[in-house]
Amino acid sequence: MIDTATALELVTIHGSTSTIEQEMELENALDYVLAKDVTSEIDMPPFRQSAMDGYALHLNDGVTYSLVEEIKAGDDTNPTLQKGQAARIFTGAPVPNTANAVVMQEKVRVNGEEIILKEPVDQGANIRPQGEQIRAGAIAITKGTTLKGTHIGFLASLGVTKVSVCTKPSISIVVTGNELVDSGEKLAYGQIYQSNGYMLTAVLKELGYANTSVVTIKDNFQHTKTVLKSSLASHDIVLVTGGISVGDYDFVGKAFAEIGVKEIFYKVKQKPGKPLYYGKKGDTSIFGLPGNPAAALSCFYVYVYPLLKKWEGAEQVSLPRISLPLLADYTVKGTRAQFLKARIQGAGVTILGGQSSAMVKAFGDANALVYLPQNSAEIKKGQMVEAILLPFK
Ligand SMILES: Nc1nc2c(c(=O)[nH]1)N[C@H]1C(S)=C(S)[C@@H](COP(=O)(O)OP(=O)(O)OC[C@H]3O[C@@H](n4cnc5c(N)ncnc54)[C@H](O)[C@@H]3O)O[C@H]1N2
Ligand code: MOO
């Protein structure tokens, strides 16, 4: 059995990266990874901009200025102000080249066609210099960034309409088990509702991977081989759940071997997810995730997420990890490394109840997974632990 760090390293070494790029309208590019740097074609702001409603001044030594102009946002006027002259100006309006400060209207007294400063005004006050945010020709966002709403907002402000992004992988989810029944049907004794397929489809969608399909199969060797073969042939990534342990009806590992999947690793010293399998056939990666839903989800965030990100050429492949103090004592069961459903609150993190690998309920309250290395034993309140930040929490 290998340790968690080795398993993660093997996934990131062996995971393939797509070579296909596509041009995409900016508005459709949410959650795609940039395939090329985006360079700004304009200075932002494109002109010297007023940051306040007030008066643009050509500073002199006195406190009284004569009012000669009015400039609204969107106006294309650039009046010449002599020393001691002022123009009424509004937030976002172009500041005349001859003005060297803007004073907020609250800080002046208006007297007919004159304004009187209530306090001194600094040179350059309340003027956003041209190109203050970015200069034309500079890189706005680098290749490998996963585009979020914030990035789209920034690129839109630069007038970008199209971006070059990496294609997303097509993902096949194969759920195995004789006991599985689809929701909507009545449960007979010994049966449970199939949930892994719905769960993985939903968390993938949440992360921007919508090109997914689910197949449910019984614990039958021939059928397992046939379905896995066709899933591998038609997808970039295959996620199988269940049937990967050592039981007589766990056919997934044997099927992988027979259809020519190259095993990269099988079994990791971790809880949950001990029987995790990762292999490759050609460029297609395949995971054998444990059937237990919380184990499958934990392995998804720790190992599948970096594989997806690497496939897209992302700069940052793993979920971020931070160090935080534990808010209550925790006793570790067993010696394996642990990924524990946890909630970061304030300046610390609490390990939640319901840690069984069959129990997915606590994931609803979790915003992190606490990682405890092998043989952690007793962790005391206040001790620093590593927390993996879950996305969208
Ligand atoms: N003798 C041993 N038995 C087991 C070992 C072991 O080392 N020696 N490891 C245990 C560990 S740890 C895990 S994790 C499980 C993993 O088993 P499988 O991946 O083969 O999963 P299954 O047995 O098929 O299912 C486990 C559990 O999950 C339920 N399940 C499966 N698929 C779904 C689904 N799509 N939706 C909802 N629930 C699902 C299934 O009914 C089982 O209860 O093996 C241990 N055994
Ligand atoms: O490793 Mo299993 O996922 O503990 O139950």
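A separate point is the overall build of the protein chain. Helix and strand content of the protein chain: 6 helices and 28 strands. On C-alpha atoms alone, the protein chain measures out to a radius of gyration of 30 Å, which is more than a quarter above the 21 Å that the 2.2 N^0.38 rule sets for 393 residues. Buried positions account for 38% of the 393 residues belonging to the protein chain. For the protein chain, restricting intrachain contacts to residue pairs at least 6 apart in sequence, the fraction spanning at least 24 positions comes to 68%.

In the vicinity of ligand 2, the residues found are K271, P272, G273, K274, P290, N292, A295 and S357. Its residues placed into classes, the shell around ligand 2 shows 3 nonpolar, 3 polar and 2 charged.

A separate point is the packing of helix α1 (residues 4–14) against helix α6 (residues 293–311). The relative placement of two packed helices is expressed as an angle between their axes plus a distance between the axes. With their axes 9 Å apart at the nearest point, α1 and α6 run at an angle of 20 degrees to one another. The angle between α1 and α6 places the two elements in the roughly parallel class. The crossing of α1 and α6 is right-handed. Contacts from A7, L8, V11 and T12 of α1 reach α6 at V302, Y303, P306, L307 and K310.

Let us look at the environment of H235. Residue position: H235 is located in the loop between α4 (221–234) and β17 (237–241). Judged by local crowding, H235 falls into the buried class, with 21 C-beta atoms found within 10 Å. Leave out the neighbours within four places in its chain, and H235 touches S170, I171, S172 and T284.

Another point: the sheet that holds strand β20 (residues 277–281). Pairing is mixed across the open sheet formed by 6 strands, whose spatial order is β16-β13-β17-β21-β20-β18. The strands lining the two open edges of the sheet, one partner per strand, are β16 (212–217) and β18 (262–266). Shown here is a sheet whose adjacent strand axes are inclined to one another by a mean of 15 degrees, direction ignored. Examined bridge by bridge, β18 and β20 share 4 bridges and lie antiparallel to one another. Looking at the pairing, Y266 lines up with Y277 of β20. In the packing of α1 onto the sheet, the strands contacted are β18 and β20, and the crossing angle to β18 comes to about 155 degrees.

Backbone hydrogen bonds hold the strands of a sheet together, and the pairing may be parallel or antiparallel. Here we have 6 strands laid out as an open sheet, ordered β7-β4-β6-β5-β9-β8, and mixed in their pairing. Looking at the sheet topology across the chains shown, the edges are occupied by β7 (101–104) and β8 (108–111). When strand polarity is set aside, the average angle formed by the axes of neighbouring strands in this sheet is 35 degrees. Taken together, the 3 bridges between strand β5 (residues 64–71) and strand β9 (residues 114–117) define a ladder with antiparallel strand orientation. Within the sheet, the bridge partner assigned to S66 lies in β9 and is E114.

What follows covers the packing of helix α3 (residues 196–206) against α6. α6 packs onto α3 with a crossing angle of 25 degrees between their chain directions and a minimal axis gap of 10 Å. Comparing their axes, α6 and α3 come out roughly parallel. Handedness of the α3/α6 crossing: right-handed. Residues N196, M199, L200 and V203 of α3 form the contact with α6, whose participating residues are P293, A296, L297 and F300. Partitioning the contact of α3 with α6 into residue classes produces 7 nonpolar, 1 polar and no charged.

Basis of the calculations
- Residues numbered from 1 in each chain as written.
- Chains lettered and ligands numbered in written order.
- Predicted model: local features only at pLDDT ≥ 70, side-chain atom pairs only at ≥ 80, totals over all residues.
- Helix = DSSP H or I, 4+ residues; strand = E, 2+ residues; numbered from the N terminus.
- Rg over C-alpha atoms; globule rule 2.2 N^0.38 Å.
- Buried ≥ 20, exposed ≤ 12 C-beta atoms within 10 Å, placed from the backbone.
- Contact = placed C-beta atoms within 7 Å.
- Near = placed C-beta within 6 Å.
- Nonpolar A, V, L, I, M, F, W, Y, C, P; charged D, E, K, R; others polar.
- Axes fitted to C-alpha atoms, helices over the stretch in contact; angles between N-to-C directions.
- Parallel < 35°, antiparallel > 145°, perpendicular 65-115°, else oblique.
- Left-handed = near helix turned anticlockwise from the far one by under 90°.
- Pairing = 2+ DSSP bridges.

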